[in-house]
Structures are given as structure tokens and as C-alpha cells.
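An overview of the molecular structure
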Amino acid sequence: MSRNSFNFKQFFNQIEEKILFPFGRRTWQILSVCSILLLLLGAIWFIYNARPGAPIRVKVDKWEVVENEIDTIDYSKNKESKCSKELNTNALTKLKEMIPLLEWDSLGSYQVRTFNLKDRFGYDIYTKNSWLPIKVKKQVFVPNENAVPNLLNEIFKSRYIDSLDYCAQLQVLSSIQLLVSLYKPDFLQSETRFKDLCSQFEYHRRLDEFTINDAIRLNKMMDFGFISISNKETLKRFYQILDYVLLKGIKEEELLEAEKVITANRNLGFDDEESSDEYFLVFKILQSSAVENPKQLKRAIDDFTKEIKFYHEIGLVKSLKRYLKLYNEKLNWRENQKSRDNSIKAENRLLAITTAGIALLTICVLTIILLLFSIQNMLKKGIENKV
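We now turn to the structure provided with this report. (Residues numbered from 1 in each chain as written. Predicted model: local features only at pLDDT ≥ 70, side-chain atom pairs only at ≥ 80, totals over all residues. Heavy atoms only, no water.)

A word on the overall build of the protein
When its secondary structure is counted, the protein shows 15 helices and two strands. Relative to its 387 residues, the protein shows a buried fraction of 27%. Of the roughly 28,300 Å² of accessible surface on the protein, 58% is carried by carbon and sulfur atoms. (Helix = DSSP H or I, 4+ residues; strand = E, 2+ residues; numbered from the N terminus. Buried < 20%, exposed > 50% of the residue type's maximum accessible area, 1.4 Å probe, protein only. Areas by Shrake-Rupley, 256 points an atom, 1.4 Å probe, with all protein chains shown as cover.)

Some words on the packing of aromatic side chains
Tallied over the entire structure, the rule returns ten aromatic pairs. Pairing Tyr-244 with Phe-280 gives two aromatic rings, centres 5.4 Å apart and planes at 75 degrees, and the pair type is edge-to-face. With a gap of 36 residues between them, Tyr-244 in helix H10 (residues 232–248) and Phe-280 in helix H12 (residues 275–287) connect regions that are remote in the sequence. You'll find Tyr-244 and Phe-280 in the same group, each marked buried. Between the aromatic rings of Phe-304 and Tyr-323, the centroid separation amounts to 5.3 Å while the plane-to-plane angle is 65 degrees, which identifies the pairing as edge-to-face. Of this pair, Phe-304 sits in helix H13 (residues 294–306) while Tyr-323 is found in helix H15 (residues 316–386), placing the two residues 19 residues apart along the sequence. Phe-304 sits in the buried class, given a relative accessible area of 0%. Put simply, the rings of Phe-304, Phe-310, Tyr-311, Tyr-323 and Tyr-327 touch in pairs and so form one group of aromatic residues. One Lys or Arg, Lys-284, reaches over the ring of Phe-280 and ends 4.6 Å from the middle of that ring. (Phe/Tyr/Trp six-rings, centres within 6.5 Å; stacked < 30°, edge-to-face > 60°. Lys NZ or Arg CZ within 6 Å of the ring centre and 35° of its normal.)

Here's the deal with helix H9 (residues 209–222)
Residues that lie three or four places apart on an α-helix share one face, since the helix turns once every 3.6 residues. With 14 residues, H9 extends 20 Å from end C-alpha to end C-alpha; this agrees with the ideal 20 Å at 1.5 Å per step. Along H9, the positions that sit buried rather than exposed are Thr-211, Ile-212, Ala-215, Ile-216, Leu-218, Asn-219, Met-221 and Met-222. On its buried face, H9 sits against helix H6 (166–180), helix H8 (193–203), H10, helix H11 (252–266) and H12. (Expected span 1.5 Å × (residues − 1). Contact = heavy atoms within 4.5 Å.)

Focus: unusual backbone geometry
Notably, Tyr-160 is not glycine yet its phi reads approximately 55 degrees, a positive angle. Along the polypeptide, Tyr-160 turns up in the loop between helix H5 (148–158) and H6. When its relative accessible area of 28% is taken as the criterion, Tyr-160 is described as partly exposed. One non-glycine residue, Glu-191, lies in the positive phi region at around 55 degrees. The residue Glu-191 is located in the loop between helix H7 (185–188) and H8 in this model.

Things to note about the side chain of Asp-208
With respect to the helices, strands and loops of the structure, Asp-208 is situated in the loop between H8 and H9. The class of Asp-208 is buried, set by a relative accessible area of 11%. A polar side-chain atom of Asp-208 sits 3.2 Å from the main-chain amide nitrogen of Phe-210. (Polar contact = N/O pair within 3.5 Å; in protein donor to acceptor, adjacent residues only side chain to side chain.)

As for the packing of H9 against H10
Between H9 and H10, the shortest axis-to-axis distance is 9 Å and the interhelical angle comes to 130 degrees. One finds that H9 runs oblique with respect to H10. The hand of the H9/H10 crossing is right-handed. On the side of H9, the interface is formed by Thr-211, Ile-212, Asp-214, Ala-215, Ile-216, Leu-218, Asn-219 and Met-222, while H10 contributes Arg-237, Phe-238, Ile-241, Leu-242, Val-245 and Leu-246. (Axes fitted to C-alpha atoms, helices over the stretch in contact; angles between N-to-C directions. Parallel < 35°, antiparallel > 145°, perpendicular 65-115°, else oblique. Left-handed = near helix turned anticlockwise from the far one by under 90°.)

Here's the deal with H8
Every buried residue of H8 is accounted for by Arg-193, Phe-194, Leu-197, Cys-198, Gln-200 and Phe-201. Projected down its long axis, H8 carries its buried residues within an arc of 145 degrees, all on one side. If you follow the buried residues of H8, they end up packed against H5, H6, H7, H9 and H10. (Arc of directions from axis to C-beta.)

A closer look at the packing of H5 against H8
Taken N-terminus to C-terminus, the directions of H5 and H8 make an angle of 15 degrees; their axes are 9 Å apart at the nearest point. Judged by the angle between their axes, H5 and H8 are roughly parallel. As H5 runs across H8, the sense of the crossing is right-handed. In this structure, H5 contributes Val-148, Leu-151, Glu-154, Ile-155 and Ser-158 to the contact, and H8 contributes Phe-194, Lys-195, Cys-198, Phe-201 and Glu-202. Among the residues forming the contact of H5 with H8, the class breakdown is six nonpolar, one polar and three charged. (Nonpolar A, V, L, I, M, F, W, Y, C, P; charged D, E, K, R; others polar.)

A closer look at the pattern of salt bridges
Under the definition given, this model contains twelve salt bridges. With a shortest N-O distance of 4.0 Å, Lys-306 and Asp-303 are connected by a salt bridge. Linking Lys-306 with Asp-303, this pair stays in helix H13, spanning three residues, or about one helical turn. With a relative accessible area of 64%, Lys-306 lands in the exposed category. On the basis of relative accessibility, which here comes to 34%, the residue Asp-303 falls in the partly exposed class. Residues Glu-329 and Lys-325 are paired through a salt bridge, measuring 2.9 Å at the closest nitrogen-oxygen approach. Taken as a pair, Glu-329 and Lys-325 lie in helix H15 at a separation of four residues, close to a single helical turn. In the salt-bridge network here, residues are joined through shared partners; they are Glu-257, Lys-260, Lys-298 and Asp-302. (Salt bridge = Lys/Arg side-chain N within 4 Å of Asp/Glu carboxyl O.)

Here you go:
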């Protein structure tokens, strides 16, 4: 055997002893234990994610059955932890102090009314000589339509709230107090305005403190000088906004971004009587914007407000609408570019993993082969030593 072949053999023996098998038995034991723990962890994680989900429980409200329509809004935040008849009585007392001039005591009166006489099956009874129904007079109780307790009972009735459902009643009373506090007292207690206010709660079953607060905030944003509902103009504007909130619903990020645009435009000093309608359109544009990601919407509005003076000069509403449209188009274009780059990177990663896997498999095979050679060498040395 030549000197070069001997050096070559010695070189591979050193690689085998110092690089491929440098670790002791204890190291391999620790690695084995870690592998077993990792296997157990993976099995536990698999079992956890394989278990069926918790049973679904839903509650159908009475008005949903009547309207044959489900309500998908979560009202858990509206629930009171403690409700009692005493709290309801206190809420009524507070409401009475807020509107003392309205009718609270005269709930109705007995009046004589004429009715058609009916048989036991509910059909009208007619006279023998003519086809005219027989009339009878009865004394019946006629509720006072303007009495506050009667108006409240109509709200409870329209919402299918039982007399013992103190929590639901308290929610309604708290909402009415909040709405009443917006009115100037003499304006609310004139004509049929409180009755009209109560009709809102009969018509809109989702009307509560949260929607009222959102409408108040949005109204103050539209009209910076809004203090109270004191005339027909402020009344019309507020209920226009309240109806919009009830119909569309609003999100916190939409309010914040609209506030940025309106504040920036207001700081230019161009507020006038038509600004309220313009600001309302600004909010509608933001709410219907195709830019759905809150972070992207925030970036878009931040950039827009930096050039608010330029956009105001060419038309605030028109500029904002175009800006958000173009921003969304450009955002989609960039996302498509990013998706294409990610696809290329994914292909490259797959190629790299495949190459690394082949290399690892090759190393494992070569290691086994070298291990067999090592065993063979050890056996040879053992035989030579015996000889």
C-alpha cells in the first residue's frame, strides 16, 4: 500500500472518529430522552386539536320567534349582573324627576263604548227584521295614550318583556334616561315629542345605550357646537344619525379615522352650515370603503390628512372617495406582487428543503456505512491481537 493511500485512509479515519462520532454514550441518551419528550408533546398537541369542540348553545328570544328572524348581535355586554324591582323603581323615579311636567298619574278612564253583540263563536248577532247587527253598550277602561307609564308599558309589550324581567326593563329605562338627557326639557315636554321618543324604542328593538352613545359621538363630530336637542333642526339631524347607526352599525376605528379627517378639515377654518352634511358623507365614505384592514385604513387617512388643505380645495368628499378607491387598488396591486414573490420564495424553500433532505439522507447512509467499517476494523484488530 502506497504512502498516499495510507494518508488518505488515516484522513477518513480521523473524520470518522472526530467529526461523525465525537459524542459519548451519555449525549446520545440525552438526545433520545429529548426526542421521546418531543414525540409525546406532539401526540398530546394532536389529541388536543383532534377533540371535538364545545357544544353550541343558543337562545332564541321571543321577538325573534314573532318576527321569524334571528338576531346575530351579541348583547352579553348589556346584561346587568344585579337587577331588582327596587332598581327599576329608582330608575322610574329618576325619569320622573327629569320630565315632571308630563302625565304620570292619570293613566286612563272608564268610558261607555258601543260594540256589536256576538255569539259564543265570536260572530255578530243580527236582528230578525233586518240584517243590522245588534248593538250593546259597555263601560271599558280606555288608557291615556300620553301617560308616561302607559308609554313605557307599550315599549315593554313591543319587546316582549315580562313584568318580572327586571334586567330588560332596567336596560330600557336607562336608555330612555340617556336619550331624554339630550333634550332641552321645555322642548321635550311640548307637543308629542316624548311619545315620539318612546315610539323609537317600539320600532327599533336594538336601540340601547350603546347605539345612543355612538349616535351622540357621531352627532358631535358632525356638529361641533351640538349641546342638546333644542329645536326641530337638531332633532331631525340627531334622529337621522341614530337611524343610520341602528341600520348600519359603526366601529370604533371608523369613528377615529372620521374624526381625524373632520378635525383636520375643521382646523383649516372653513366650517359653515353645510359642513355637517359634508362630514356625514365623509363618515359614510369611510364606512363603505373597500380598505377593510384597520391598520391600512389608518395609514391611508394619516397620509390623506397630511395634505388636507390641497384636498379641501378640490373637494373634500370627492377627494376622499377617490383617494380611498385608488389606495385600495394600489394596495391590492402590491398584495398581488407580494403573493407572487411569496410563491417564488415558497418554491425556492421547497427546493432547498428537498436538497437538504437528500443531503441529510446521504449523510445518514454514509454514516451507517462508515459505522459498519468501524465495526469491521474493530473486529479485525481484535482478531489480530488474539493471534
